[in-house]
Amino acid sequence: MERVMDIANPETQELSDKLQADGVKYMFASYVDLHGVSKGKVVPISHLGRMMSGSELCTGAALEGVPQEVSEEEVASHPDAASCIVLPWRKEVAWFASDLWCKGEPFDACSRNILKRVTAQASDMGFTFNLGMEAEFFVLKDDPAAARGFRPVSDRKHLEKPAYDVARMLDNMGWMTELVGAMNGLGWDVYSFDHEDGIGQFEVDFKYFDVVSMADRYVFFRMMAHEIARKHGHFATFMPKPYADRAGSGAHFNMSLADKATGKNLFADANDPRGCGLSQLGYQFIAGVLKHLPAICAAVAPTVNSYKRLVLKGSMSGFTWAPIWACYGNNNRTNTLRIPLGGGRVELRAADSSCNPYLGAALVLAAGLEGIAQGADPGDPHTENMYLKSEAELKTLGIQRLPRTLGEAIDAFAADPLTEKVFGASMHTAWIDYKRDEWISYLNHVSDWEHDRYLKFF
Ligand code: GLU
Ligand code: MG
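J.: Just checking my understanding: could you explain the coordination of the magnesium ion (ligand 2) for this structure?
T.: For a metal with four donors in a tetrahedral arrangement, the ideal angle between donors is 109.5 degrees, while six donors in an octahedron ideally sit at 90 or 180 degrees. Taken together, the protein ligands of the magnesium ion (ligand 2) are Glu136 (OE) and Glu203 (OE), with distances of 1.9 Å. Of this pair, Glu136 sits in strand β9 (residues 135–142) while Glu203 sits in strand β12 (residues 201–206), and the two are 67 residues apart along the sequence. Each of the two residues, Glu136 as well as Glu203, counts as buried.

Okay, here's the thing in structure tokens:
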């Protein structure tokens, strides 16, 4: 085994020995930019010690959404040893999630640092924030002969209601069992997967973790799904709504606070007088999230396409199950915040597959903690089907519509003072500027819909 000369501490030596014993030769010191997508330099295993102490520098200008003042600077990746994953499909390579540093200190506009600032606040209040993310995505195939140049993998007849379709799932078992096997090999404990309600759409459900580990895993998961799908001649897409008339892809956040000393779930209460199995702390958390929900939407549903998912109709199975009203309920999928059966956790259904999980989770957690600090109360849970209520009725109940577009979501984000507290001044400005440009570029583009409707009409 190669002794590594530049390793200062015994833990790093132990990690190096273990990785080498596993056959690892190269490592990614990965970080994310504003999009939550993995980037990073590759380091040979003989330089693990240097890498762990932050040797890998990247030019700030290469990061999307980075504040202007750092675009001239170098940022350094500081890998988190605990996040190390050996790529299941390429075992000579390991991947580390990293914090970014700038000018010798943690970079305040790094997504992972932003999340860690809020988890430190939770920790000061005695809490660990646990998060489960439901991974929904499509796996499709490029095909120049198909309508838009791509099609579902399975060529079976499209069902009106494709959710849980066994035949179509069987046609996709090749890549799917490789993906699930890889996840379980990493100890992620997949407990179910299925064909979802879109054609070629899937969901994989796995164990929850502390929020930083979960965000690392979700970033890794998207990359792994892409790589494994590609190996099988397909592609995975985390675009939230690839087909207008079919269900979109959520990334529902399943959230709970635990006692940081004992690990006990503080959201569970079997004697909950409101009948949802949730503690008073859980209700306070919900009240905080509801108060900031329009701004939160911008962070958990951050693309133009995200708002094509957050609509009432847009799935052949009736409703979209991606609710559009800022309200909460019991085990009732028509509320943006749901308390799933059994209680003890709160599900945010607005979050979608395109989110940067660090930024999304940071804002939701901060909002929930604010609700707790203020002892806020969200009122009674909605147990009825909110999709069946008229807009007028919802108005009398004081229930707001979530933002209808990315533009509206950015406005809500910019107007809510909590967002700057969480993101920090420089990321806050950079994020709004980047997203406004994205929205304006969409507004200015001329779509097929416009050609279909107007080209030969007048
Ligand atoms: N695909 C739905 C969404 O966009 C969720 C369906 C489900 O409840 O699993 O959020
Ligand atoms: Mg689903």
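Here the narrative resumes.
J.: Sorry, what's going on with the pattern of salt bridges here?
T.: Oppositely charged side chains can pair when the atoms bearing their charge come close. Within this structure, the stated rule accounts for 21 salt bridges. The closest approach of N and O atoms between Lys39 and Asp33, which form a salt bridge, is 3.6 Å. The partly exposed category is assigned to Lys39, whose relative accessible area is 33%. The class for Asp33 is buried, based on a relative accessible area of 5%.

J.: Can you help me understand the site of ligand 1 in this one?
T.: For ligand 1, the full set of nearby residues is Glu136, Glu203, Gly248, Gly250, His252, Arg309, Thr320, Trp321, Ala322, Arg333 and Arg349. His252 places a side-chain nitrogen or oxygen 2.7 Å from an oxygen atom of ligand 1. Its residues assigned to classes, the shell around ligand 1 shows two nonpolar, four polar and five charged.

J.: Would you mind going over the packing of aromatic side chains with me for this structure?
T.: Any aromatic ring pair is given by two values, namely how distant the centres are and how the planes are angled relative to each other. Evaluated as defined, the whole model comprises 26 aromatic pairs. Centroid distance Phe137 to Phe202: 6.5 Å. Interplanar angle 45°. Geometry classified as tilted. Here Phe202 lies in strand β12 and Phe137 lies in strand β9, a separation of 65 residues in the sequence. Arranged with centres 4.9 Å apart and planes meeting at 90°, the rings of Phe457 and Phe458 form a pair that is edge-to-face. The class for Phe457 is exposed, based on a relative accessible area of 59%. The class of Phe458 is exposed, set by a relative accessible area of 79%. Taken together, the ring pairs in this structure connect Trp89, Trp95, Phe137, Trp175, Trp188, Phe202, Phe206, Tyr218, Phe220, Phe221 and Phe238 into an aromatic cluster. Residue placement shows Lys207 over the ring face of Tyr208; its charged tip is 5.3 Å from the ring centre. A cation over an aromatic ring shows up here: Arg217 above the ring of Phe209, its NZ or CZ 3.8 Å from the ring centre.

J.: What's the story with the pairing of strand β1 (residues 26–32) in this structure? I'm lost.
T.: Among the seven residues that make up β1, five are buried, leaving the element largely enclosed by the rest of the structure. In the sheet, β1 pairs with strand β2 (residues 38–44) via seven bridges, with the strands oriented antiparallel. Looking at the pairing, Tyr26 lines up with Pro44 of β2. Turn length for the β1-β2 hairpin, with the two strands adjacent in sequence and antiparallel, is five residues, and the turn residue Gly36 shows positive phi of about 75°.

J.: Just to check I follow, could you spell out a nonpolar patch on the surface for this structure?
T.: Side chains of Trp449, Tyr454, Phe457 and Phe458 sit close together on the surface and give an oily, nonpolar patch of about 570 Å² of accessible area. The exposure class of Trp449 is partly exposed, given its relative accessible area of 49%.

J.: Sorry if this is basic, but what is going on with helix α10 (residues 357–373) here?
T.: The α-helix advances 3.6 residues per turn, and as a result positions three or four apart in sequence lie on the same side. A rise of 1.5 Å per residue sets the reference length of α10, with its 17 residues, at 24 Å; its end C-alpha atoms lie 24 Å apart and thus fit the reference within 8%. With a side-chain oxygen lying 3.0 Å from the backbone nitrogen of Tyr358, the N-terminal cap of α10 falls on Asn356.

J.: Where do I start with the sheet that holds strand β19 (residues 337–338) in this structure?
T.: Backbone hydrogen bonds hold the strands of a sheet together, and the pairing may be parallel or antiparallel. Ordered in space as β13-β8-β15-β20-β19-β18, the six strands form an open sheet in which the pairing is mixed. With partners counted over all chains shown, the strands left at the sheet margins are β13 (209–210) and β18 (328–329), one partner each. Where strand β8 (residues 127–133) lies against strand β15 (residues 253–259), seven bridges are found, and the strand directions are antiparallel. The residue of β15 that forms the bridge with Leu131 is Met255.

J.: Is there a simple way to think about the environment of Ala299 in this case?
T.: Mapped onto the fold, Ala299 is located in helix α8 (residues 293–300). Judged by relative accessible area, Ala299 falls into the buried class, the value being 5%. Beyond its immediate sequence surroundings of up to four residues, Ala299 is in contact with Cys355, Leu359, Gly360, Leu363, Phe423 and Trp431.

J.: Sorry if this is basic, but what is going on with the packing of α8 against helix α12 (residues 406–415) here?
T.: In a pair of packed helices, the angle between the axes and the distance between the axes together describe the arrangement. Following both chains from N to C, one finds α8 and α12 inclined at 120°, their axes separated by 7 Å at the closest point. As the angle between them shows, α8 and α12 are arranged oblique. Like other packed secondary-structure pairs, α8 and α12 cross with a definite hand, here left-handed. Residues Pro294, Ala295 and Ala298 of α8 form the contact with α12, whose participating residues are Ala409, Ile410, Ala412 and Phe413. Grouping the constituent residues of the contact of α8 with α12 by class yields seven nonpolar, no polar and no charged.

J.: How should I be thinking about the side chain of His234 in this particular structure?
T.: As for its placement among the helices and strands, His234 is situated in the loop between α6 (211–231) and β14 (235–237). Under the relative-accessibility criterion, His234 is labelled buried at 13%. Residues within four places of His234 in sequence aside, it is in contact with Val139, Leu140, Lys141, Val153, Trp175 and Ala229.

Criteria and thresholds
- Residues numbered from 1 in each chain as written.
- Chains lettered and ligands numbered in written order.
- Predicted model: local features only at pLDDT ≥ 70, side-chain atom pairs only at ≥ 80, totals over all residues.
- Heavy atoms only, no water.
- Donors = N, O, S within 2.8 Å, 3.2 Å for Na, K, Ca; no water.
- Helix = DSSP H or I, 4+ residues; strand = E, 2+ residues; numbered from the N terminus.
- Buried < 20%, exposed > 50% of the residue type's maximum accessible area, 1.4 Å probe, protein only.
- Salt bridge = Lys/Arg side-chain N within 4 Å of Asp/Glu carboxyl O.
- Near = heavy atom within 4 Å.
- Polar contact = N/O pair within 3.5 Å; in protein donor to acceptor, adjacent residues only side chain to side chain.
- Nonpolar A, V, L, I, M, F, W, Y, C, P; charged D, E, K, R; others polar.
- Phe/Tyr/Trp six-rings, centres within 6.5 Å; stacked < 30°, edge-to-face > 60°.
- Lys NZ or Arg CZ within 6 Å of the ring centre and 35° of its normal.
- Pairing = 2+ DSSP bridges.
- Patch = residues over 30% accessible without salt bridge, like charges linked within 9 Å, V, L, I, M, F, W, Y side chains within 5 Å.
- Areas by Shrake-Rupley, 256 points an atom, 1.4 Å probe, with all protein chains shown as cover.
- Expected span 1.5 Å × (residues − 1).
- Contact = heavy atoms within 4.5 Å.
- Axes fitted to C-alpha atoms, helices over the stretch in contact; angles between N-to-C directions.
- Parallel < 35°, antiparallel > 145°, perpendicular 65-115°, else oblique.
- Left-handed = near helix turned anticlockwise from the far one by under 90°.

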